[in-house]
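Secondary and tertiary structure notes
So you can see what is in the structure, the chains are spelled out below.
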Amino acid sequence: MAQVVLKDLNKKFDEVHVVKDVNLHVRDKEFLVLVGPSGCGKSTTLRMVAGLEEITSGEIHIGDRLVNDLPPKDRDIAMVFQNYALYPHMTVYDNMAFGLKMRKFPKAEIETRVKETATLLGIQDLLKRKPRQLSGGQRQRVAVGRAIVRHPQVFLFDEPLSNLDAKLRVQMRVELKRLHDRLETTAIYVTHDQVEAMTLGDRVVVMKDGLVHQVGEPLEVYSKPRNKFVAGFIGSPAMNFIDTTISDAGGLYAETTGMRVKVPADRVSRLAPYKGKTVTLGIRPEDLREAAGSDPHDLVFEALVEVVEPLGSEILLDTTVGTHTVVARVDPTVRAKHHQKIRLAFIPHRIHFFDNRTEEAIV
């Protein structure tokens, strides 16, 4: 296995700048996930690492080699595509063996590698079938197996689960994680699904408009988002954003119509310069709960329930507070009805504030 280093990586298509000064260090044996909305540059970045897309400027190092000018076949990488890219006229065995045959591996070694990998992936009984005879999940395993038999330095995954149904996606996610732990491979994985990113990645790279907005461990990115975009993109349902004015009334408060929240003590010094100004208050749905009688009044507000979404283990409440829509994830024992008022309380240390002009976190 090997580390991958991207230095000042840029890509332009004519005048369109799709990847902008990306600097990343993928550690040896790390599973790094690039996540972001469609068109953010994550797949283009992956394709440049693979050698399938020319770079405009910058450097790509795999292991101790600068690979800018190396063709894909000489980079010692293996890629798993969104559409599986299996040869329809070949059997599963031949699909998995094809890359080794092209590299003139001995027949006995090819057979050993294919059978070992097929057993690892649970597809040893499918080796004589053609791709059309396989389910989506089985085709995905074959595509992954074709990459594994190569024993490459780096695995590249380009949204490999996006064509699977929801249940199978969850199952394959678990299998990919288990596989990585077992093989101890260096892997770069691209997805637009933030749940995939959070559950698979040792670290997560959040991208937008060709720029890297934050790099960190999943829970770090979730609990300490660097800016409003990251805060809103990571987490499902998304973080609530409420425009508030910072006021001083014997203490700092964030106020808006129907809500007046005391600023937590550890944020007072940072928010003091914003007195009289508007800042964005952010709160995740799971960091709101039904208020109890013991809750401080300056952490409680009243909301009008618009939609109730019972999910079994929890209930999502879509509410309105003044002109804002606020989603709360509450305990399934909470009884709330359409057009009923409910008192909700903040978990104070989980409140976020963002500068309205820069959208950077005020921390």
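Quick note: structure is the one above.
None of the values given here were measured: they were computed from a predicted structure. (Residues numbered from 1 in each chain as written. Predicted model: local features only at pLDDT ≥ 70, side-chain atom pairs only at ≥ 80, totals over all residues. Heavy atoms only, no water.)

1. Remarks on the pattern of salt bridges
Applied cut-off: We count a salt bridge whenever a side-chain nitrogen from Lys or Arg sits within 4 Å of a carboxyl oxygen from Asp or Glu. Think of it in three bands: with a 1.4 Å probe and only protein chains considered, a residue is buried below 20% of the maximum accessible area for its type, exposed above 50%, and partly exposed in between.
Tallied over the entire structure, the rule returns 18 salt bridges. A salt bridge links Arg47 to Glu53; its shortest N-O distance comes to 3.5 Å. Its salt-bridge partner being Arg267, residue Asp266 comes within 3.3 Å of it at the nearest N-O pair. Assessed through its relative accessible area of 56%, Asp266 is described here as exposed. Residue classification places Arg267 among the buried positions, given a relative accessible area of 13%. Here the residues in one salt-bridge network are Arg27, Glu30 and Arg203, joined through shared partners.

2. Some thoughts on the sheet that holds strand E14 (residues 278-283)
What counts, and what does not: When DSSP finds at least two bridges between two strands, those strands are taken to pair. The way it works is that DSSP assigns letters per residue, a run of H or I at least four long becomes a helix, a run of E at least two long becomes a strand, and they are numbered from the N terminus. Note on definitions: angles span 0 to 180 degrees between N-to-C directions of axes, and those axes are lines fitted to C-alpha atoms, for helices only across the stretch in contact.
On the basis of which strands lie adjacent, the open sheet formed by five strands has the order E13-E12-E11-E14-E20 and antiparallel pairing. Strands with a single pairing partner mark the edges of an open sheet, and in this sheet they are strand E13 (259-262) and strand E20 (352-355). Looking at each pair of strands side by side, their axes are set apart by 40 degrees on average, direction ignored. Sheet topology places strand E11 (residues 240-248) next to strand E12 (residues 252-256); four bridges connect them, and they run antiparallel. The residue of E12 that forms the bridge with Ser247 is Tyr253.

3. Structural notes on the pairing of strand E1 (residues 4-13)
Sheet analysis places E1 next to strand E4 (residues 57-62), joined by five bridges and oriented antiparallel. The residue of E4 that forms the bridge with Leu6 is Ile60. One ladder, built from seven bridges, connects E1 with strand E2 (residues 16-26); its direction is antiparallel. Counted as the bridge partner of Lys12 is His17 from E2. Where E1 folds back onto E2 in an antiparallel hairpin, the turn is made up of two residues, including Asp14, whose phi is positive at roughly 55 degrees.

4. A look at the packing of aromatic side chains
The relation between two aromatic rings is expressed through the spacing of the ring centres and the mutual angle of the planes. Rule in force here: Any Phe, Tyr or Trp ring, taking Trp's six-membered ring, that has another such ring centre within 6.5 Å forms a pair; planes under 30 degrees apart are called stacked, those over 60 apart edge-to-face, and the others tilted. A ring is considered to have a charge above it if a Lys NZ or an Arg CZ atom is located within 6 Å of its centre and within 35 degrees of its normal.
A complete count under the given rule lists eight aromatic pairs for this structure. Between Phe31 and Tyr189, the ring centres sit 5.7 Å apart and the planes meet at 40 degrees, which makes this aromatic pair tilted. With Phe31 in strand E3 (residues 31-35) and Tyr189 in strand E8 (residues 186-191), this pair connects stretches of sequence that are 158 residues apart. On the basis of relative accessibility, which here comes to 0%, the residue Tyr189 falls in the buried class. With 5.2 Å between their ring centres and 45 degrees between their planes, Phe301 and Phe346 make a pair best called tilted. Residue Phe301 is found in strand E16 (residues 300-310), and its partner Phe346 is found in strand E19 (residues 341-346); the two are separated by 45 residues along the sequence. Here Phe301 matches Phe346 in class, with each residue buried. Against the face of Phe241 rests Lys228, its NZ or CZ located 5.1 Å from the ring centre.

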